[in-house]
Amino acid sequence: SNKSIGAIAHTNIALIKYWGKKDESLIIPYTSSLSLTLDQFYTETHVTFDESLTADVVMIDEQEVNGQGWQRVHDFLSIIRKRAEITTNAQVVSTNHVPTAAGLASSASAFAALAAAGSKAAGLDLSHQDLSRLARRGSGSACRSIYGGFVEWRRGTDDHSSYAVPVTADNGLSDVQVIALTVERHRKPISSRQAMRLSVTTSPYYPTWVKIAQTDLAAIKSAISNDDFTKFGEISELNAMRMHALTLSANPDFMYFNSETLESMNMVKQLRHNGIECYYTIDAGPNVKVLCQRRHVNDVVETFTEMLGADKVTLAKSGPGVHYL
Ligand code: DP6
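Residues numbered from 1 in each chain as written. Predicted model: local features only at pLDDT ≥ 70, side-chain atom pairs only at ≥ 80, totals over all residues. Heavy atoms only, no water.

1. Brief notes about helix α5 (residues 206-225)
The line we're drawing: The way it works is that DSSP assigns letters per residue, a run of H or I at least four long becomes a helix, a run of E at least two long becomes a strand, and they are numbered from the N terminus. A helix is expected to reach a length of 1.5 Å times the quantity of its residues less one. In this scheme, the bend at a residue equals the angle between the axes fitted to the seven residues that finish there and the seven that begin there. Contact criterion: two residues are considered in contact whenever any of their non-hydrogen atoms come within 4.5 Å of each other.
The first and last C-alpha atoms of α5 sit 29 Å apart over 20 residues, in line with the 28 Å expected at 1.5 Å per residue. Maximal helix bending in α5 amounts to about 25°, located at I212. Turning to α5, the residues buried within the fold contact β1 (4-16), β4 (33-49), β8 (150-154), α4 (192-202) and α6 (229-248).

Here it is, written out as structure tokens:
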């Protein structure tokens, strides 16, 4: 069929981080993780399988993509083709509403949207669970962007058992505010794929990370169901720093923070000291996400706007799961 299918997926911020693959080709992680899907950052993708194409064509943000980027999309489309039992090439047109490669995990929204649009365009009608498993093959964190709100990626043991599930929060915590500080818009110096591999194979703390990830996940889930923002924030901040300790303790060592990252972290602690309860989390990049409750959001936004400038501060909230256009 030549039908064009469009889908939108939002990015997510991990509060309990995914950091390390047990199986690199299927993307099976060593640990389960938990995230919040965000309303402000998303990818819109349209896919058309077209008999007249002699190769897959990939357009991202109005630019034709070649080389490694093309290969990654092509490989992903081939997983869909195999499943749909077709050989047709596809045109992929994708638009990011995310600061690319600056720690806002655009690969999560990108592969979640591509999984949804691509599978449907190929004539498949996948369940959310199967969409999550498919998205995971493109980028691990993408399996969580199939769902809105809080989402747990259950690590599983193989392709069949590793997928995300929604975590319900029928309480105040579903209204958590995320202030995204875009301190750096440039591409990260080391891909998360290489970085994870280095942490897994060279950090002496990696086995401990696998152990504590279980404890942190259980603790944050109970904080979410008990509507305990303090526990929720403390665990998120601690888990993020424990992940970054795996980069600092790798050989060769590396670090994602820059000076503005450190200043922002210190500011969060100072705000907290002054009774404005907020916490930070940081992914594989220098950007900082500040977590707070609604009653403190104005103070937090004002503080960072003064410090970094309004263009670097974006207020986000819980966002929706993948949907078709
Ligand atoms: C720090 O999902 O981008 O954001 O599976 O290699 O594509 P690949 O990695 P990716 O890694 C995300 C790492 C993280 C933590 C997280 O999102 O859980």
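Picking up after the structure, the text goes on.
2. Some thoughts on unusual backbone geometry
For the record, the criterion: Classification of residues uses two cut-offs on accessible area relative to the type maximum, computed with a 1.4 Å probe and protein chains only: under 20% is buried, over 50% is exposed, and between them is partly exposed.
With an omega of 5°, the peptide bond running from N251 to P252 counts as cis. Checked against the element boundaries, P252 lands in the loop between α6 and α7 (259-273). Phi is positive for E62, which is not a glycine, with a value near 70°. In this fold, E62 is placed in the loop between β5 (57-60) and β6 (63-64). On the accessibility criterion, E62 (77% relative accessible area) is exposed. Phi is positive for E85, which is not a glycine, with a value near 55°.

3. Remarks on the pattern of salt bridges
This is how it is decided: We count a salt bridge whenever a side-chain nitrogen from Lys or Arg sits within 4 Å of a carboxyl oxygen from Asp or Glu.
Following the criterion strictly, the structure yields 14 salt bridges and no others. The salt bridge partner of D283 is K17, with a shortest N-O separation of 2.5 Å. Remark: K17 occurs in the loop between β1 and β2 (21-23) and D283 occurs in the loop between β11 (278-281) and β12 (288-292); sequence separation between them is 266 residues. Using a relative accessible area of 13% as the deciding quantity, one classes D283 as buried. Judged by its relative accessible area of 1%, K17 falls in the buried class.

4. Here we look at the site of the ligand
To keep things clear, this is the line we draw: Definition of nearness: a residue and a molecule or strand are near each other if at least one heavy atom of the residue lies within 4 Å of the molecule or strand. Counting of polar contacts relies on pairs of N or O atoms within 3.5 Å, with two restrictions inside protein: one atom must be capable of donating a hydrogen and the other of accepting it, and residues adjacent in sequence are counted only when both atoms are side-chain atoms. Residue-level accessible areas treat just the shown protein chains as cover; the underlying method is Shrake-Rupley with a 1.4 Å probe. Note on residue classes: Ala, Val, Leu, Ile, Met, Phe, Trp, Tyr, Cys and Pro are nonpolar, Asp, Glu, Lys and Arg are charged, and everything else, Gly too, is polar.
As a matter of local geometry, the ligand sits amid 18 residues, with Y18, K21, S139, S141 and R144 nearest to it. At a separation of 3.4 Å, an oxygen atom of the ligand approaches a polar side-chain atom of S107. Within the backbone of G140, one N or O atom sits 2.7 Å away from an oxygen atom of the ligand. In the complex, 97% of the free accessible area of the ligand, which totals 460 Å², lies under the protein chains. Element by element, the count of residues in the shell around the ligand is highest for α4, at three residues. A breakdown of the residues in the shell around the ligand according to their chemical character gives seven nonpolar, five polar and six charged.

5. Observations regarding the nonpolar core
Rules: Buried Ala, Val, Leu, Ile, Met, Phe, Trp, Tyr and Cys residues form a nonpolar core when they are joined through side-chain atoms within 4.5 Å.
With 52 residues, the main nonpolar core has W19, V47, F49 and L114 as its most contacted residues. If one sorts the elements of this core by residue count, helix α2 (residues 106-121) sits on top with eight residues. Not counting residues within four places of it along the chain, the set of residues in contact with W19 comprises S192, A195, M196, S199, Y206, W209, M243, L246, T247, Y256 and A284. In this structure, L15, F150, L217 and I224 belong to the second largest nonpolar core, which totals 24 residues.

6. Focus: the packing of helix α1 (residues 67-84) against helix α3 (residues 128-138)
Here is the rule: Each axis is a line fitted through C-alpha atoms, and for a helix only the stretch in contact is used; angles between axes span 0 to 180 degrees, taken between their N-to-C directions. In this scheme the handedness of a crossing depends on how the near helix is turned from the far one: anticlockwise by less than a right angle means left-handed, clockwise means right-handed.
The geometry of α1 relative to α3 is characterised by a closest axis approach of 9 Å and an angle of 145° between their N-to-C directions. When the axes of α1 and α3 are compared, the crossing they make is right-handed. Residue-level inspection shows R72, F76, I79, I80 and R83 of α1 in contact with α3, the latter providing D130, R133, L134, A135, R137 and G138. Split by residue class, the contact of α1 with α3 holds five nonpolar, one polar and five charged.

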